[in-house]
Amino acid sequence: MKKQSLISLLFYLAALYDFVLGLAFLFAAPAVFEWYGVPPPNHFGYVQFSACLLIVFALMYLAVARNQTQNRILIPYGMLLKVSYCGTVFYYWMTSEISSMWKPFAIYDLVFLILFFWAYRSLSSAKA
């Protein structure tokens, strides 16, 4: 499989992952929190706003998947989203307590971050 096909597949998967997660937290947040046995926030608007942001990023990943060369400039924003989430979760995981609900997402996002960095570098060297 060609490198650009792998990069497209990566960003299609990232789009699907963030889109499904966004939809789950947008429309079923109370059930998700209950499933994990996590006390909900004092207002689900906090969760729904974050869910909407995930959907926006999913659309951005879709744009990258469809045209990596033209939309390569968007990849660092996706990387920053992953750094923000991973940094927050790993910090609290190591320094205090955090619900196990958030830990798998941080691990998946760390994998995506590494792959996004690879894709960004690969597209950079392809331009040169």
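Not measured: the values here are computed from a predicted model.

## Considerations on the pattern of salt bridges
Item 1. Tallying each qualifying case throughout the model produces two salt bridges.
Item 2. Residues D18 and K82 are paired through a salt bridge, measuring 3.2 Å at the closest nitrogen-oxygen approach. A residue pair is termed long-range when its members are at least 10 positions apart, and D18 in helix α1 (residues 3-27) and K82 in helix α5 (residues 75-95) qualify at 64 residues.
Item 3. By relative accessible area, D18 is classed as buried at 1%.
Item 4. Using a relative accessible area of 1% as the deciding quantity, one classes K82 as buried.
Item 5. Put simply, D18, K82 and D109 are held in one network by salt bridges that share partners.

## Topic: α5
Count 3.6 residues to each turn of an α-helix, and residues three or four apart come out pointing the same way.
Item 1. Relative to the 30 Å expected for 21 residues at 1.5 Å per residue, α5 spans 30 Å between its end C-alpha atoms, a close match to the ideal helical length.
Item 2. For α5, the full list of buried residues reads I75, G78, M79, K82, C86, V89 and F90. What you see down the axis of α5 is that its buried residues fit within an arc of 115°, all on one side.

## So, the nonpolar core
Here is a general trend for soluble globular proteins: nonpolar side chains tend to be buried in one another's company.
Item 1. Counting residues in hydrophobic clusters, the biggest one holds 31 residues, and the most contacted among them are F11, F25, F33, Y61, I75 and F116.
Item 2. Listing elements by their share of this core, those giving two or more residues are α1, α2 (29-36), α3 (45-66), α5 and α6 (103-127).
Item 3. Excluding residues that lie within four positions of it along the chain, I75 makes contacts with F11, V64, F116, Y120 and L123.

## Side note on a nonpolar patch on the surface
Item 1. A cluster of nonpolar side chains, namely L6, L9, L13, W93, M94, I107, Y108, V111, L115 and W118, defines an oily patch on the protein surface of about 930 Å² accessible area.
Item 2. Only α1, α5 and α6 provide two or more residues apiece to the nonpolar patch.
Item 3. The leading source of residues in the nonpolar patch is α6, at five residues.
Item 4. In this fold, L115 is placed in helix α6.

## Topic: the confidence of the model for the chain
Item 1. Confidence along the chain averages 95 in pLDDT terms, with 97% of residues attaining 70 or more.
Item 2. Mean pLDDT per element in the chain: α6 is the minimum at 93, and α5 is the maximum at 98.

## Description of α1
Item 1. In this model α1 runs 36 Å from its N-terminal to its C-terminal C-alpha over 25 residues, within 8% of the 36 Å that 1.5 Å per residue would give.
Item 2. Of all the residues in α1, the buried ones are I7, S8, L10, F11, A14, A15, Y17, D18, L21, G22, F25 and L26.

## Notes on the packing of aromatic side chains
Item 1. With the rule as written, the count across this model stands at 15 aromatic pairs.
Item 2. Pairing F11 with F116 gives two aromatic rings, centres 4.6 Å apart and planes at 15°, and the pair type is stacked. One end of the pair, F11, is in helix α1; the other, F116, is in helix α6, and 105 residues separate them in sequence. An identical accessibility class is assigned to F11 and F116; each is buried.

Analysis parameters
- Residues numbered from 1 in each chain as written.
- Predicted model: local features only at pLDDT ≥ 70, side-chain atom pairs only at ≥ 80, totals over all residues.
- Heavy atoms only, no water.
- Salt bridge = Lys/Arg side-chain N within 4 Å of Asp/Glu carboxyl O.
- Helix = DSSP H or I, 4+ residues; strand = E, 2+ residues; numbered from the N terminus.
- Buried < 20%, exposed > 50% of the residue type's maximum accessible area, 1.4 Å probe, protein only.
- Expected span 1.5 Å × (residues − 1).
- Arc of directions from axis to C-beta.
- Core = buried A, V, L, I, M, F, W, Y, C linked by side-chain atoms within 4.5 Å.
- Contact = heavy atoms within 4.5 Å.
- Patch = residues over 30% accessible without salt bridge, like charges linked within 9 Å, V, L, I, M, F, W, Y side chains within 5 Å.
- Areas by Shrake-Rupley, 256 points an atom, 1.4 Å probe, with all protein chains shown as cover.
- pLDDT = per-residue confidence, 0-100.
- Phe/Tyr/Trp six-rings, centres within 6.5 Å; stacked < 30°, edge-to-face > 60°.

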